[in-house]
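Spelled out from the first residue to the last, the chains are:
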Amino acid sequence: MSNRILDAKIPGGPLADKWDTHMMENPLVAPGGNRRKKTIIVVGTGLAGGGAAATLGELGYNVLNFCIQDTPRRAHSVAAQGGINAAKNYQSDGDSVYRLFYDTIKGGDYRSREANVYRLAQLSAGIIDQSVAMGVPFAREYGGTLANRSFGGVQVSRTFYARGQTGQQLLLGVYSALVRQMEAGTVHMFPRHEMLDLVVVDGKARGIVARELLTGKIKRFCADAVVLATGGYSPVFYLSTNAVNSNATAAWRAHRRGALFSNPCYTQIHPTAVPQMGDYQSKLTLMSESLRNDGRVWVPKAPGDKRRPNDIPENERDYYLERRYPAFGNLVPRDIAARAAKVECDQGKSAYYSDQSVYLDFSEAIGRLGKDVVADRYGNLFDMYHEIIGDSPYETPMMIYPAPHYTMGGLWVDYNLQSTIEGLFVAGEANFSDHGANRLGASALMQGLADGYFVVPRVVANYLANAELKDTNEEAGEFKAVENDVREHTQRLLNIKGERTVRDIHWELGRTMWDKVGMAREGKGLQEAIAKIGKLREEFWQNLKVTGTDADLNKQLEQANRLGDYLELGELMARDALMREESCGGHFRNEHQTEEGEARRDDENFMFVSAWEYTGENKEPALHKEDLEYKDIEVKTRSYK
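Below you will find a few notes about this structure.

Conventions used here
- Residues numbered from 1 in each chain as written.
- Predicted model: local features only at pLDDT ≥ 70, side-chain atom pairs only at ≥ 80, totals over all residues.
- Heavy atoms only, no water.
- Helix = DSSP H or I, 4+ residues; strand = E, 2+ residues; numbered from the N terminus.
- Rg over C-alpha atoms; globule rule 2.2 N^0.38 Å.
- Buried < 20%, exposed > 50% of the residue type's maximum accessible area, 1.4 Å probe, protein only.
- Contact = heavy atoms within 4.5 Å.
- Pairing = 2+ DSSP bridges.
- Axes fitted to C-alpha atoms, helices over the stretch in contact; angles between N-to-C directions.
- Salt bridge = Lys/Arg side-chain N within 4 Å of Asp/Glu carboxyl O.
- Polar contact = N/O pair within 3.5 Å; in protein donor to acceptor, adjacent residues only side chain to side chain.
- Core = buried A, V, L, I, M, F, W, Y, C linked by side-chain atoms within 4.5 Å.

1. Focus: the overall build of the protein chain
Moving on, step 1. Scanning the protein chain from terminus to terminus reveals 17 helices and 19 strands.
Moving on, step 2. For the protein chain, whose C-alpha radius of gyration is 24 Å, the value lies close to the compact-globule estimate of 26 Å for 641 residues.
Moving on, step 3. For the C-alpha atoms alone, the extent of the protein chain along its principal axes is close to 75 × 60 × 50 Å.
Moving on, step 4. Taken over 641 residues, the protein chain has a buried fraction of 62%.
Moving on, step 5. Of the contacts formed within the protein chain by residues at least 6 apart in sequence, a portion of 74% connects residues at least 24 apart.

Written as C-alpha cells, this is what we have:
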C-alpha cells in the first residue's frame, strides 16, 4: 500500500454554500475568441457526455464529441426506465435539498463524499426546469402539474418520470441540444469512433487515440482538456442489464495512463430484472424499480412449491420484503431487495420457472386503481415483459430476479470531477463520487445531467483559465507513441490465433464474477476468483481466436479489445472486495453480517475511498486512500425496518 495523499479539493465554508462560493471564487474563460481557441474532447453522448458537450458548445468552446454508436441517441442512457430524482417537494410531503442529500448518503451506506452529494441535491431542481424547457414530456397530474412517484430507500415522492422510458425522453432532450450546437459548428460529432487510449503531455491530458469502427482507421485527436463520460462496467459480468456495446475501455485505458480507479467492488445488483432464460443470452432485461411502487414481491411459503402463481392462495404466500422491512416494505433500497431475493431463493422458495426467480404481483394495485391506471404508469414495461416471457402481468404475476446493473465505482475524481491526471475530467457513472456503496433508484439520471449540464462546464472553465499548457498537436511525439501502443496492442490480439472465442472466455469470466464477486462474497471465494481470472487472462493471451483484420468493421476485434480490459478490471474488483473486510451497500461479505443477515459496516477501519494505482501488466496494483469525513450528517447503522 502507498502513502499517496489524495486531495479532494473540497471548498471551505458551510456545506450549503460550498458550490456557490466555489463558482464565484474560481476564474472563467471570457466568451468570444478566448473560448473558441479552446478545444475540449468529450467521450460519450449519454446524459453526462451529451449534456456536457452541448453546454460547452453553447458556451462557445470548440468541442469534439465521440460515441461508439451510429448516433448519439443510442447512448445507454436511453435504456433508463423509472425516473429522475429532484428535491422539488411538489407533493408537500416533507422533501427538501437536505433530505435528498441525507437519503443519498444513507442509501450509499455512508461511503460517499459529503460535499459532492450535497451539490448533486442542490442541482437537482434545476435539472427538471431545464428538461421541461427542452420539451421533455414528464408525466403530469390531472391539473397539469408534474407528477412524482416514490423509489426505493426514501419516504417521499421525488421521482419525475415519463412512463417507463424516462431515460429515452431525457436523452432526446440532450440530443436536440447537441444537434443545435452541431448545426452552429461548435460541436463536431464523431459517431462510430471508439477511444482506445489517452494522450498525456507534461502530465496533462491532451488528447485521445480512437479507432473508426467502420474502417478500422486509427486517428489522433488533440485538445486542451478531455472529459470522459463513458458509463459503467457491469458487462464485466457478461450478463447484465447494460447494452452489449457498453464497456469500460476508455476509463480503463485512462487508468493505465495514471488515473486512479476507486471502489471497483461497489457494483449494484438490480433487484428487478427478467430472470435468465438460458446460456444463449447476451444480456438481461431490466424491469424498472418504479414497478415496486404498486407491485408486491413474494415467494411461496413452502420450499419447492412449483405451482403457477395464480394457483397459490394468499395464505401460502410470503411477502418477505413487507415482513422484514415494514417501514419501507417493497420500497427498500436496491441492494437490500436484491439480497433478500437471493436469501429466499437459496432456501428453495422461488417462482415456478426457475430456482432464481421471485414474483412481482400487481393484482392488488389493479383491483385498487383499475387496469387503465396501472397501464398508464407501466404499460410499456408490461409489454416488454409479455414479449419475453409470454405471460401478461395484468393477469399473472411477473417473475423477476436480481441482475448486474449500475457500478458505483469508477475513476477517482476530486470535487471538480478532475482525475489524478490533470485535465482529465470524469462525469456520470464513469466516476465514483456520488453514490458510495449503493445507488438509490432514479439517481443515475440525476447525476448524469447534473454533471453534464452544470458541473463539467464550470470546472473545465476553471481549469482552462488557470492551466499552463504546452503547445502540441496530433503530430507530436507523445501522440505518435500512443498510436503505436494502440497498433501494437491490436496486432497482438490478431496474432494469437488460438481456439477460444471472445464470447467463450467472456462467459467464463462473467460466471466467475457472478459466483464469487456477485451479491454475496467471502474471502475464500474472492481469492479463488483472483486466481481463476489470472489463469483466464493467460488463456486469453495464448488461445484467443479473432478472425478478420483491423482494416475494416470487425466486431470480434472490438469485443476482444474490451475483454482484455475486463479481465484486468475483474481482478481489481475482486482485490478491492477482498481488501474491504466489512459489508456495506452492494458489497456484502458473508463474514461480516448481523444475526439478522444485514450488512455490518466497519467505520473505524474502512471509512475511506479506495483508489487503486496501475503499476504495470501482471503486477499487483497499489492502494491509496481518501478518508471520508462526515461533518453535517450523523453516521449510524442503516435501517429500513
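Continuing now.
2. Some thoughts on the sheet that holds strand 6 (residues 193-201)
Moving on, step 1. The three strands lie next to each other as 6-7-8, forming an open sheet whose pairing is antiparallel. Pairing within the sheet leaves two strands with one partner each, and these edge strands are strand 6 and strand 8 (218-222). Each adjacent strand pair in this sheet contributes to an overall mean axis angle of 25°, direction not counted.
Moving on, step 2. In the sheet, strand 6 pairs with strand 7 (residues 204-212) via eight bridges, with the strands oriented antiparallel. From the neighbouring strand, His193 faces strand 7, where its bridge partner is Glu212.
Moving on, step 3. This element, helix 13 (residues 477-494), spans strand 6, strand 7 and strand 8 of the sheet and lies at about 135° to strand 6.

3. Notes on the environment of Lys636
Moving on, step 1. Position of Lys636 relative to the elements: it lies in the segment after strand 19 (622-627).
Moving on, step 2. Accessibility expressed as a relative area gives 38% for Lys636, which makes it partly exposed.
Moving on, step 3. In contact with Lys636, other than residues within four places in its own chain, are Tyr102, Tyr110 and Arg601.

4. Observations regarding the pairing of strand 8
Moving on, step 1. Of all five residues making up strand 8, four are buried, and the element is well covered by its neighbours.
Moving on, step 2. Pairing geometry for strand 7 and strand 8, over five bridges, is antiparallel. Opposite Val209, over in strand 8, you have Arg220 as the bridge partner.
Moving on, step 3. The turn joining strand 7 and strand 8, which pair antiparallel and follow one another in sequence, is formed by five residues; a positive phi near 80° is taken by Gly216.

5. Overview of the pattern of salt bridges
Moving on, step 1. In the structure shown here, the tally under the stated rule is 60 salt bridges.
Moving on, step 2. The partner of Asp485 in a salt bridge is Arg257, and the shortest N-O contact between them spans 3.0 Å. In this pair, Asp485 sits in helix 13 while Arg257 sits in the loop between helix 7 (249-256) and strand 10 (261-262), placing the two residues 228 residues apart along the sequence.
Moving on, step 3. Judged by its relative accessible area of 34%, Asp485 is partly exposed.

6. Looking at the sheet that holds strand 18 (residues 608-613)
Moving on, step 1. Taken in spatial order, the four strands of this open sheet run 16-10-18-19, and their pairing is antiparallel. Sheet topology places strand 16 (410-411) and strand 19 at the edges, where each strand pairs with a single neighbour.
Moving on, step 2. One ladder, built from six bridges, connects strand 18 with strand 19; its direction is antiparallel. Across the sheet, Val609 pairs through a bridge with Glu626, a residue of strand 19.
Moving on, step 3. Sitting on the sheet, helix 16 (residues 555-579) is in contact with strand 10, strand 18 and strand 19, with an inclination near 140° to strand 18.

7. A closer look at the environment of Met277
Moving on, step 1. Here Met277 is to be found in the loop between strand 11 (267-273) and strand 12 (296-300).
Moving on, step 2. Separated by 77 residues in the primary sequence, Met277 and Ser354 place their C-alpha atoms 9.0 Å from one another.
Moving on, step 3. Excluding residues that lie within four positions of it along the chain, Met277 makes contacts with Tyr353 and Ile389.

8. Details of the pairing of strand 15 (residues 398-407)
A regular strand places its side chains so that they alternate between the two faces of the sheet.
Moving on, step 1. Of all the ten residues making up strand 15, ten are buried; the element is thus mostly covered by neighbouring parts of the structure.
Moving on, step 2. Bridge analysis of strand 11 against strand 15 gives four bridges, and the strand direction is antiparallel. Of the residues in strand 15, the one forming a bridge with Ala273 is Tyr401.
Moving on, step 3. Bridge analysis of strand 14 (residues 358-361) against strand 15 gives three bridges, and the strand direction is antiparallel. Residue pairing for strand 15: Leu360 is matched across the bridge by Met398.

9. Topic: unusual backbone geometry
Moving on, step 1. Positive phi is not limited to glycine here, since Asp109 has a value of about 60°.
Moving on, step 2. By the element assignment, Asp109 lies in the loop between helix 4 (97-107) and helix 5 (114-133).
Moving on, step 3. By relative accessible area, which is 2% here, Asp109 ends up buried.
Moving on, step 4. In this model, Asn263 sits at a positive phi of 50°, which is unusual for a non-glycine residue.
Moving on, step 5. Here Asn263 lies in the loop between strand 10 and strand 11.
Moving on, step 6. On the accessibility criterion, Asn263 (1% relative accessible area) is buried.

10. Topic: the side chain of Asp335
Moving on, step 1. Inspection of the secondary structure puts Asp335 in helix 9 (residues 334-346).
Moving on, step 2. Polar contacts involving the side chain of Asp335 include one to the side chain of Asn438, which spans 3.2 Å.
Moving on, step 3. Excluding residues that lie within four positions of it along the chain, Asp335 makes contacts with Asn438, Gly585, Gly586 and Arg638.

11. Considering the nonpolar core
Moving on, step 1. Grouped together as the largest cluster of nonpolar side chains are 177 residues, with contacts concentrated most on Ile84, Ile208 and Leu228.
Moving on, step 2. Considering each element in turn, this core owes the most residues, twelve residues, to helix 12 (residues 444-466).
Moving on, step 3. Residue contacts for Leu228: discarding those within four places in its chain leaves Val43, Met195, Ala250, Ala251, Ala254, Leu411, Leu424, Phe425, Val426, Ala427 and Ala430.
Moving on, step 4. Val201, Val209, Cys222 and Phe479 belong to the second-largest nonpolar core, a separate cluster that totals ten residues.

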